[in-house]
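Structural features, examined
Below are the chains, spelled out letter by letter.
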Amino acid sequence: EPTVKMVFSINSSPFAGQEGEFSTSRQIRERISRELETDMALRVEDVQNGWVVSGRGELHLAIFIERMRRDGYEFQVSRPQVIEKEINGQRMEPYELVFIDVPEASAGIVIQKLGSRQGQLLNMRTENGTTSLEFRVPTAGLFGFRSEFLTDTRGLGIINTLFDDYRPQTGKKIEHEHGSLVAHELGTTRLYGLLIAQGRGVLFVGPGESVYKGQVVGKNSRAQDLRVNVCKEKKLSNMRSKGEGVSEHFDTPKVMGLEDALEYIGDDELVEVTPKNIRIRKVILDENEEKKRKKGILK
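Attention here is on the structure that accompanies the text. (Residues numbered from 1 in each chain as written. Predicted model: local features only at pLDDT ≥ 70, side-chain atom pairs only at ≥ 80, totals over all residues. Heavy atoms only, no water.)

Examining the overall build of the chain
Selection criterion: Helix and strand labels come from DSSP, where a helix needs a run of H or I of at least four residues and a strand needs a run of E of at least two; each type is numbered from the N terminus. Residue burial is assigned from relative accessible area. The probe radius is 1.4 Å, only protein chains are included, and a residue is buried under 20% of its type maximum, exposed over 50%, and partly exposed in between. Note on contacts: a residue pair is in contact if any heavy atoms of the two residues lie within 4.5 Å. A residue counts as positive if it is Lys or Arg and as negative if it is Asp or Glu; His and the chain ends are not included. Lys charges are placed at NZ, Arg charges at CZ, Asp charges at CG and Glu charges at CD.
If you tally the helices and strands in the chain, you get seven helices and 18 strands. C-alpha atoms of the chain, sized along the principal axes, occupy 70 × 50 × 40 Å. Per-residue burial over the chain gives 42% buried out of 299 residues. Long-range contacts, defined as pairs at least 24 residues apart, comprise 72% of the intrachain contacts of the chain with a sequence gap of at least 6. Counting 44 positive and 45 negative side-chain charges, the chain places the averaged centre of each group 5 Å from the other.

Examining the nonpolar core
We count it as follows: Buried Ala, Val, Leu, Ile, Met, Phe, Trp, Tyr and Cys residues that are joined via side-chain atoms within 4.5 Å together make up what is termed a nonpolar core.
Core analysis: the largest hydrophobic core is formed by 29 residues, its most contacted members being F8, I65, F75 and V77. Contributing elements (two or more residues each) for this core: β1 (4–9), α1 (25–38), β3 (50–55), α2 (58–70), β4 (75–77), α6 (258–264) and β17 (269–273). Of all the elements, α2 adds the most residues to this core, at five residues.

Notes on helix α3 (residues 107–116)
The test is simple: When we speak of the arc, we mean the arc of directions from the helix axis to the C-beta atoms.
Considered for burial, the residues of α3 that qualify are A107, V110 and L114. Relative to the axis of α3, the buried residues are bounded by an arc of 65° and lie together on one face. Exposed and oriented more than 90 degrees from the buried face of α3 are Q112 and S116. Tucked into the core, α3 has its buried residues touching β7 (90–103), β9 (130–138) and α4 (145–152). Q118 occupies a position one or two residues after α3 and carries a positive phi of about 65°.

Here's the deal with the packing of aromatic side chains
Defined as follows: Two rings from Phe, Tyr or Trp (for Trp, the six-membered ring) form a pair when their centres are within 6.5 Å of each other. A pair whose planes differ by under 30 degrees is stacked, one over 60 is edge-to-face, and the rest are tilted.
All told, the structure shown has seven aromatic pairs when counted by the stated rule. The interplanar angle of 90° and the centroid separation of 5.4 Å between the aromatic rings of F204 and Y264 together place this pair among those described as edge-to-face. Of this pair, F204 sits in the loop between β13 (201–203) and β14 (210–211) while Y264 sits in helix α6, and the two are 60 residues apart along the sequence. Its relative accessible area of 6% is what places Y264 among the buried residues.

This is the structure:
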C-alpha cells in the first residue's frame with residue numbers, strides 16, 4: 001500500500017523543452033501509465049495541473065523519477081508528503097520498521113540522527129565489530145535520511161525498511177529550518193556575483209551556469225528566503241591595485257542530486273527534472289507575485 005505521494009507536472013520553467021526529448025503532458029502521462037503495468041505498488045490520480053503519484057516510500061518514487069529522467073523525460077515534482085489516514089476519527093500516519101547494520105563506531109551517530117527524526121530504538125546488538133539496530137520511525141522521518149546515512153557510515157552501512165503500521169500522529173512535524181538563496185534574474189552565473197552570494201550560505205551552482213529568475217541557487221544560512229544576483233559582473237576601472245581579487249576564494253558548490261533536492265525543497269518549491277540537470281525552483285518564480293500570493297491578493 002502506498003505511503004508517500006508527490007505531484008508530477010509538466011515543466012513550466014523558462015528552460016522548459018530545452019533539455020528533454022519528451023516533455024508534453026500526453027508523453028508524461030503515457031510514461032506513467034506504462035509504469036503502472038509493471039509496478040503494482042504505484043498509484044496515479046489525475047488532478048488539474050498534473051498527476052498525484054503515490055508509492056511505497058520516497059526512495060520508490062525517486063527511483064521512478066530517475067528512470068524517467070534517463071529515458072529522456074523532463075518534468076517537475078513537488079515535495080514528498082506522507083499519505084495520512086483517518087481511522088476511528090483519529091489522524092494516523094505511516095510508520096516503518098528500519099533494520100540497520102553499521103560499523104560499531106558509527107552506531108552512535110545513527111542512533112542520534114534517527115532519534116531526532118522521532119525514531120524509537122527497539123533492538124540493538126553488537127557482534128564482531130558490527131552493530132545491528134532496529135527502529136520504528138515515522139515514514140516522514142525517513143525523508144532524506146539515506147543520503148545522511150551513507151555519509152555518516154562512510155558508505156559501509158546497510159539499511160532496510162519495512163512498512164509497520166498506521167499510528168497516531170505525534171503532533172511534531174519535521175520542518176525545514178533554512179531559507180533559500182534565489183536567483184534575482186535570468187542569465188549566466190559570474191564569479192563576482194557568486195563570491196558575494198556565498199557569504200550568505202551554501203551555493204548549489206558554480207560560475208558559467210545558466211540560471212533563471214526564481215531558481216534556487218543555494219541554501220540560506222538564515223530561515224528566510226533571499227534573492228541574490230549571482231549573474232552580477234565586476235565593473236572594471238582604469239585603476240586596479242596590485243593583487244586585487246587574488247585573495248578571494250570561491251568555495252566548491254554543493255552538487256544537489258535528486259534525493260538531495262527532494263529532501264531539501266519546501267512546500268513553495270519544486271524540483272525540475274531533465275535528462276541533463278536537476279534544478280530547484282520556486283513554485284512562483286516572480287518575487288512580487290509570490291508576496292502578493294502570500295498576502296492573499298492573488299488566488
